[in-house]
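Secondary and tertiary structure notes
Chain by chain, the residues:
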Amino acid sequence: ERRNPNETEFLQAVHEVLDTLTPVLAEHPEFIEGDVLDRLVEPERLVMFRVPWVDDENRVRVNRGYRVQFNSALGPFKGGLRFHPSVNLSVVKFLGFEQIFKNALTGQRIGGGKGGADFDPRGRSDHEVMRFCQSYMTELYRYIGSQTDVPAGDIGVGGREIGYLFGQYRRLTNGHESGVLTGKGTGWGGAEVRTQATGYGAVFFAQEMLARTGDGLEGRRAIVSGSGNVAIYVIEKVSQSGGRAITASDSSGYVVDEQGIDVELLKQIKEVERGRISEYAERRPGSRYVAGGAVWEVPGDLAFPCATQNELGLEGARSLLDGGVRAVAEGANMPTTPEAVALLQQSGVLFAPGKAANAGGVATSALEMSQNASRDRWDFAQSEERLQRIMRDVHAASYDASERYGRPGDYVLGANAAGFVTVARAMLDQGVV
Ligand code: NDP
């Protein structure tokens, strides 16, 4: 707290991990003796930089860019870039810190990092977004590389932005080092299923969690927040699995569609037209739009928070419980506040933290890196199967650790413990670095 004043989100993420590690540290005194914790909470490197660009009115704009290279004990730093006005040092550090454990949990050899800028892509033309991405990469390129640090997408950074970023990296470095970014187009080095991976993975994780209790997705109502990359593919996979996702939202409001969200219409509005979720209700008979308000007031069996941090608080958790929720799987990073997590867990709801449930995105990014390194290409079915297997393993690792440290079914403890032990061992092996 003293060292990181005003970094609310970062301190929340650190507390969330450290508070659960007591039983782990009791079994592993070597991690205390090796001062692993003090080193773990300090990023290896952090860069902040000016991003100047020119808008369509020929006015000069200035944003602030970030990249936090948190921990590379397991492999190159890996984690997305977020372009959103709320991005600041605390947000980037919280995301980078979480990423360390998530990446360890995937079983792939990748370290943790994250970056972004306080740029708001909303309402900006393609050319403005391109000029911003080019300026951002003109500074960032010095710090990244396929063996060093491999960024990807996050809020506000999708296929379009990765394309512009990669184009500029290629110009600056006079090479086609495809493994320097993931989430690329499938025609130029991108992996099949990367677009779908985070959302699909969250649903696979929920299925694993439900299966342990003899339950499944068949006929279940799912409440989904957000309408971006993660939300869209959660909705798609829920419906492919026999369930019904009946909501989607953005920062202005939400839609309810009792027939199940029409994924093709949702993709048309969000991915093609880059519109608002309210337009869905205008075009889909039988659905309705609720301005403001939170999606959690709609009753459902399952909930997938897929928008942003701290979007599901105590009030939302109470509404979900009133609506009969049985399982919550976080598609977003830290969307549930600590108080809400505690309430849901105490009430017997199966709770999957983002570190485990949304790890499918970065895991598939690691598969993209492998394909780039070997100049190979896997097809869609093969890639989805790999993703499903990885999510099964992430679930098993989290559940086993929850059992081992005395709280079977506590996936928060399980995911933190499994990820932490892997990273802490690697750090000890590598000496004081
Ligand atoms: P997108 O930019 O594609 O979509 C974000 C969605 O969340 C939009 O619907 C957006 O609405 C909404 N949203 C963003 N900020 C807020 C806010 N402050 N209040 C309410 N709604 C908000 O991002 P992604 O789908 O990629 O990311 C969503 C979450 O998933 C993030 O937490 C991200 O870190 C996490 N994640 C993403 C991964 C990926 O592979 N993309 C991997 C792992 C985690 P609006 O348009 O109104 O802003």
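Details of the environment of Gly293
Among the structural elements, Gly293 can be located in the loop between β10 (288-291) and β11 (302-304). C-alpha separation for the pair Gly293 and Cys133, spaced 160 residues apart in sequence, amounts to 33 Å.

Considering the pattern of salt bridges
Opposite charge on two side chains lets them pair, provided their charged atoms get close. Counted by the stated rule, this structure contains 29 salt bridges. Between Lys93 and Glu7 there is a salt bridge, with its nearest N and O atoms 2.8 Å apart. Taken together, the residues span a long stretch of sequence, with Lys93 in helix α5 (residues 89-105) and Glu7 in the segment before α1 (8-18) at a distance of 86 residues. Here Lys93 matches Glu7 in class, with each residue buried. Where Lys267 meets Glu236, a salt bridge forms, and the shortest distance between an N and an O atom there is 2.6 Å. Here Lys267 is found in helix α10 (residues 263-272), whereas its partner Glu236 is found in helix α9 (residues 229-240), with 31 residues between them in sequence. When sorted by exposure, Lys267 lands in the same class as Glu236, which is buried.

Considering the packing of helix α8 (residues 194-212) against α9
Where α8 contacts α9, the two axes come as close as 7 Å, and the packing angle between them is 50 degrees. Considering their axes alone, α8 and α9 lie oblique with respect to each other. You can see that α8 and α9 cross each other, and the crossing is right-handed. For the pair α8 and α9, the contacting residues are Thr195, Gln196, Thr198, Gly199, Tyr200, Ala202, Val203 and Phe204 in the first and Asn229, Val230, Tyr233, Val234, Glu236, Lys237, Val238 and Gln240 in the second. The class makeup of the residues in the contact of α8 with α9 is eight nonpolar, six polar and two charged.

Quick look at the layout of surface pockets
Estimates place the volume of the second largest pocket at around 420 Å³. Every residue lining the second largest pocket is counted, 22 residues in all, and those nearest its centre are Glu16, Thr20, Val341, Gln345 and Val412. Among the elements that line the lining of the second largest pocket, the one with the most residues is helix α13 (residues 338-346), at four residues. Tallied by class, the residues present in the lining of the second largest pocket amount to nine nonpolar, six polar and seven charged.

Concerning the site of the ligand
Around the ligand there are 24 residues in total, and Asp154, Thr198, Ser251, Arg276 and Asn333 lie nearest to it. Side-chain polar atom of Arg276 to an oxygen atom of the ligand: 2.8 Å apart, as the coordinates give it. Burial of the ligand by the protein amounts to 83% of the accessible area it has alone, namely 880 Å². Mapped by element, the contributors of at least two residues to the shell around the ligand are α8, α9 and β8 (247-250). Across the shell around the ligand, the residue classes break down as five nonpolar, 13 polar and six charged. Each of domain 2 (43-187) and domain 3 (195-357) gives at least three residues to the shell around the ligand.

As for the side chain of Arg67
Within the fold, Arg67 resides in strand β2 (residues 60-71). At 3.1 Å, the side chain of Arg67 and the backbone oxygen of Gly79 are in polar contact. In this structure the side chain of Arg67 is engaged in a polar contact, spanning 3.3 Å, whose partner is the backbone oxygen of Gly80.

Here's the deal with a nonpolar patch on the surface
On the surface, Val54, Val60 and Val62 cluster together to form a nonpolar patch covering roughly 260 Å² of accessible area. With respect to the helices and strands, the residue Val60 is situated in strand β2. For Val60, a relative accessible area of 61% puts it in the exposed group.

A few points about the sheet that holds strand β7 (residues 244-245)
Read across the open sheet, the five strands follow the order β7-β6-β11-β12-β13; overall the sheet is parallel. If you trace the sheet from one side to the other, it starts and ends with β7 and β13 (350-352), each paired once. Here strand β6 (residues 221-224) runs beside β11; their pairing, made up of three bridges, is parallel. Each residue of the ladder has a partner; that of Ala222, found in β11, is Leu302.

A word on the packing of helix α15 (residues 359-374) against helix α16 (residues 380-404)
As a packed pair, α15 and α16 sit with axes 10 Å apart at the nearest point and diverge in direction by 130 degrees. The angle between α15 and α16 places the two elements in the oblique class. Classified by chirality, the crossing of α16 by α15 is right-handed. Along its contact with α15, which presents Ala359, Gly360, Ala363, Thr364 and Leu367, the element α16 presents Arg386, Leu387, Ile390 and Met391. Of the residues in the contact of α15 with α16, the class split is six nonpolar, two polar and one charged.

Description of the domain arrangement of the chain
As far as domains go, the chain holds domain 1 (1-42 + 398-433), domain 2 (43-187) and domain 3 (195-357). Taking only C-alpha atoms into account, the centre of domain 1 sits 29 Å from that of domain 3. Each side of the interface is counted separately: domain 1 has 12 residues, and domain 3 has 13 residues. On the domain 1 side of the contact with domain 3, Gln12, Tyr411 and Val412 bury the most area, a combined 53% of that side's loss.

About the criteria used
- Residues numbered from 1 in each chain as written.
- Predicted model: local features only at pLDDT ≥ 70, side-chain atom pairs only at ≥ 80, totals over all residues.
- Heavy atoms only, no water.
- Helix = DSSP H or I, 4+ residues; strand = E, 2+ residues; numbered from the N terminus.
- Salt bridge = Lys/Arg side-chain N within 4 Å of Asp/Glu carboxyl O.
- Buried < 20%, exposed > 50% of the residue type's maximum accessible area, 1.4 Å probe, protein only.
- Axes fitted to C-alpha atoms, helices over the stretch in contact; angles between N-to-C directions.
- Parallel < 35°, antiparallel > 145°, perpendicular 65-115°, else oblique.
- Left-handed = near helix turned anticlockwise from the far one by under 90°.
- Contact = heavy atoms within 4.5 Å.
- Nonpolar A, V, L, I, M, F, W, Y, C, P; charged D, E, K, R; others polar.
- 1 Å grid on protein atoms, 1.4 Å probe; cavity = no way out; pocket = protein on both sides within 12 Å on 5 of 7 lines; lining within 4 Å.
- Points joined across faces, edges and corners; volume = space filled by probe spheres on them.
- Near = heavy atom within 4 Å.
- Polar contact = N/O pair within 3.5 Å; in protein donor to acceptor, adjacent residues only side chain to side chain.
- Areas by Shrake-Rupley, 256 points an atom, 1.4 Å probe, with all protein chains shown as cover.
- Domains from an automatic or database assignment.
- Patch = residues over 30% accessible without salt bridge, like charges linked within 9 Å, V, L, I, M, F, W, Y side chains within 5 Å.
- Pairing = 2+ DSSP bridges.
- Buried area = accessible area lost by both parts, 1.4 Å probe.

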